Every structure is written in structure tokens, then in C-alpha cells.
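This is what each chain is made of:
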Amino acid sequence: MTHRKSTHELVKDIQRAGGCSHPIRLRGEFVNAVIGEVNERPLLVACKDRRAVLCPSCSYLYKADAWIVVSTGLIGGKGVPASISDHPRLFLTLTAPTFGMVHVRKSDGSCHPGPLRFCPHGRSVACSRRHDDVDAEIGSPLCDFCYRIADAVIWNAESSRLWNRTYEQTRRKLAITLGVPFEELSRHVRLNYLKVAEFQRRGLVHFHVVLRLDGPGEPFSPPPPELTAEHLANIIGGVVREFSVMGPRGAVPWGKQFHVADASTLNRDDLRIAAYVAKYATKSADGSLDFARRFNSRSEILTINAATHLRQLALTSWDLAQDVSLGELNTRKHAHSFGFRGQLITKSRNYSTRFQDLRDARAVHMKSPHSDDPVEGSFSYDGRGYDDPRATAIAEFLHQLSVEARTAAKGEPEVAKGDE
């Protein structure tokens, strides 16, 4: 049942929900700290969803937190000393292997020019078109029969494990470099990281990683002087080129496209790394609403208005669940992310501050000393969204005004909504 409210009442509700577009409604008891009176009333709690297509306001806040988490590990702040910027640091990009030729947009705008060639299925593997940036064909296979789509989904599902093992293998190589047993490595050096997953147009994830060498003592102490960013780059480069894990259908390696930059020499450009990494924090698999939530049925995937190759990846992920040998990958549950089952952002414990620390500090800062105190354990779930459907559109409009005002205050050019 919906209630028609005045605009003033709607704005008050939106403010109570922190500007959220689809808040969680709770109902419970509050006690007035002054007179001791207990009353029952609804409570609106922000959804805290990181995806911009679901909640612009909450995702904007999450993106800001992501920037802080990344940047404090590069330049300090929030309890991390500024001296951290003097530690050896690398910025890596790790990609997936090729599972078949796909349409691309090269720097000159071309795709696969050249003489007409055909695959074993009689399909042309040359493309003379010049795709623009928004062409839905980019990332799609030149031949659907040649493309190993099941292997692509399995690689997505195993990619987080591949990174975890790569990280451990890099630490083992560090121990060998220092001539110490692996079990004693933390007494000599610590390797901290932050990793962000991003989906390519072909539907496969690739990772942006910040690696940093720290000393063995207190958190953020300097590492041994003989370990430089160049040493670390040589080690991680060798591991990425040679290392793989065994999956249910064979080896799972990294792709040949691998980029490493010495972030220790970037000066203030390290903030660009933070901005670059944080911008992926609010995206769904393809940036649309279609793949922002888990699917409940196969027919639901068939009805979405998405690029054909992305829809096929989701269908393959759904169907692979029938193979009992792949049961541990749980691909059906992650069909909306094409089999990828990892977290968007992960980091080692001592890389920087935590998301939870930022949320706790914000909660303390925003708590009103005049508000009623909630009675612990008395709240129950009452639904999602506002009781007046107009509030969602107003919340998103107010959020856009707030972003434009902040942009104008910084003197930055206004960014169109579709270009964010």
C-alpha cells in the first residue's frame, strides 16, 4: 500500500535514508533518552549497494570510499604514514587468455583487416569494419563455433584463485631472492596488495593490482633496501608468464597481455591510479542493469536486452552447473557475472585502511545526539523502497544536483551522466 506524501515529507524521508534510491525499511522500537518513552516507528536504512545502476547515491559513496582505500595505500592517510609513498610499488594489469578471435577496436579504429580468411567452420576471420566505441559487436566472437565459451566462463570462475596462488608464488620467489625459508619471509619483508576486477568487452575479467613492499616490523615500516621495485617487477613478471593453476578442465593461466608500471616513480600521478581503480568500483559486469543482479531462471537470461555474446556467456554459465565436475565453481549462481565469483575489490590486511573503518567513522560523525536510541534486537524487515514511489525519482534527482554542485565547487568540467 502506497501513501501520498507532500514533497517536504518525501525529502525528509530521503534525507533519513541518506539519499538512497531503494532503502531498506525496518520497523522497531526507539527509546527517548530524555523521558524514557518507548515508541515504535519505521526506520529507513540505505541499501549501500555499490552499483550505480541500482543506487546512484550509495554507489557514489562507495566509490569515494574505494578511492580512499586505494590512495591511502599509495600516499598515506587514515592512519597510514605518508612515508609509505617511498616504498617500492608496482601497478599491474593482468588479463585473461584468448579463447578465440573476437571483434576489437584497435588504436586506428580497425578490427581484423587483411586478406579474406576462413575458419574450419567456413566463417570469415577477417573484419574490415571500423567499430566505434559503443558498437555492441566489440568483444563478440568472429566465429561462435570456434570460440571456447565454456573455457572462458571457467577462467572467470577460477581467476580469483589464480590471483591468490600467483600472489603466494610471488612471495615464494621473494623468499628465494632473500635466501630465507618461505615460512620466515614475514620476518624480512611483507608484500601487500590491492586488487580490483574489471570486465572487458568480451565478458572476461582482468585485474588492476597495486603491489607494495613493506618491512617486517610495525605495519608500513620500510622494506630492506636491496629490494627495489625493479626486483619486484622481475619476479612478478616471471610468475605471471609461467604460472597457472589446475582447473577442472586443465591448466588456467594468465593471458599474454600483461602490463607493469613502477608506481614508485609516478610522483602525484599515484592519485590517478586511485581514481582509475576506484572508477570500476560501481560497475556491474557490463555497466548495465541487465547483469546487476543474480538471475532466478534461464528464461530470465533469454529475455534481457543485451549484447548476444554477453547473453550467451550468462547462459553458458547457467548451463555449466549441470556438469557435476564443475559443481564447486557454482557458475549458475554467478551467471550474471559470467561465472566470476570473486570480490570486486580485495586487499591484503596491511595494505591500507578498511572499508569498515570508513563506515564506522562516518556513522559516528553522522549520529545525532538528539535522536532516539534504537532498542537493540527489536527491529524486523519491513520491505524495500519508499512507501511513496515518487521518492525514488526525487532521490536520484537530488543526488544528481549534489554531484553537479560538488563538481562546480571544485571548478571541474561537468560530466554528462552517460559519460561517467
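Residues numbered from 1 in each chain as written. Predicted model: local features only at pLDDT ≥ 70, side-chain atom pairs only at ≥ 80, totals over all residues. Heavy atoms only, no water.

Draft legend 1. Here's a closer look at the nonpolar core. Membership of the largest hydrophobic core comes to 61 residues, with the highest contact counts inside it found for Trp155, Trp163, Phe207, Leu211 and Phe291. Elements represented by at least two residues in this core include exactly strand E3 (89–94), helix H3 (149–178), strand E6 (190–199), strand E7 (205–214), helix H4 (229–242) and helix H7 (308–319). Every residue in contact with phenylalanine 291, bar those within four places of it in the chain, is listed here: Ser284, Ala285, Asp286, Ile304, Ala306, Leu310, Arg311, Ala314, His336 and Phe338. Core analysis: the next-biggest nonpolar cluster, separate from the first, contains 21 residues, Val196, Val210, Ala278 and Tyr280 among them. (Core = buried A, V, L, I, M, F, W, Y, C linked by side-chain atoms within 4.5 Å. Buried < 20%, exposed > 50% of the residue type's maximum accessible area, 1.4 Å probe, protein only. Helix = DSSP H or I, 4+ residues; strand = E, 2+ residues; numbered from the N terminus. Contact = heavy atoms within 4.5 Å.)

Draft legend 2. Local environment of H7. Between its first and last C-alpha atoms H7 spans 16 Å; for 12 residues at 1.5 Å apiece the expected length is 16 Å, and the two agree. Counting buried positions along H7 yields 9 of 12 residues, so the element is predominantly enclosed. All of the buried residues along H7 are His309, Leu310, Arg311, Leu313, Ala314, Leu315, Thr316, Ser317 and Trp318. Looking at the buried positions of H7, the neighbouring elements they touch are H3 and helix H6 (298–302). (Expected span 1.5 Å × (residues − 1).)

Draft legend 3. Region of interest: unusual backbone geometry. A positive phi angle, near 55 degrees, is found at lysine 78, a position not held by glycine. Relative to the helices and strands, lysine 78 is located in the loop between helix H2 (56–75) and E3. Lysine 78 sits in the exposed class, given a relative accessible area of 56%. A positive phi angle is found at asparagine 330, which is not glycine, with a value near 55 degrees.

Draft legend 4. Representation of the packing of aromatic side chains in the model. Overall, the coordinates contain 12 aromatic pairs when judged by the stated rule. Taken together, a centroid distance of 5.3 Å and an interplanar angle of 70 degrees make the contact between tryptophan 163 and tyrosine 193 edge-to-face. Of the two residues, tryptophan 163 sits in helix H3 while tyrosine 193 sits in strand E6, which places them 30 residues apart along the sequence. Relative accessible area serves as the criterion here: at 0%, tryptophan 163 is assigned to the buried category. Note on phenylalanine 207 and tryptophan 254: the rings are 6.0 Å apart at their centroids and 85 degrees apart in plane angle, and the pair reads as edge-to-face. (Phe/Tyr/Trp six-rings, centres within 6.5 Å; stacked < 30°, edge-to-face > 60°.)

Draft legend 5. Spotlight on the pairing of E3. Within E3, 6 of the 6 residues are buried, which leaves the element mostly enclosed by the surrounding structure. Neither face of E3 is exposed, since Arg89, Phe91 and Thr93 on one face and Leu90, Leu92 and Leu94 on the opposite face are all buried. Both E3 and strand E10 (residues 258–262) contribute to a ladder of 5 bridges, which runs antiparallel. Directly across from threonine 93, in E10, lies its bridge partner histidine 259. (Pairing = 2+ DSSP bridges.)

By themselves, these figures tell us nothing about what the structure is for.
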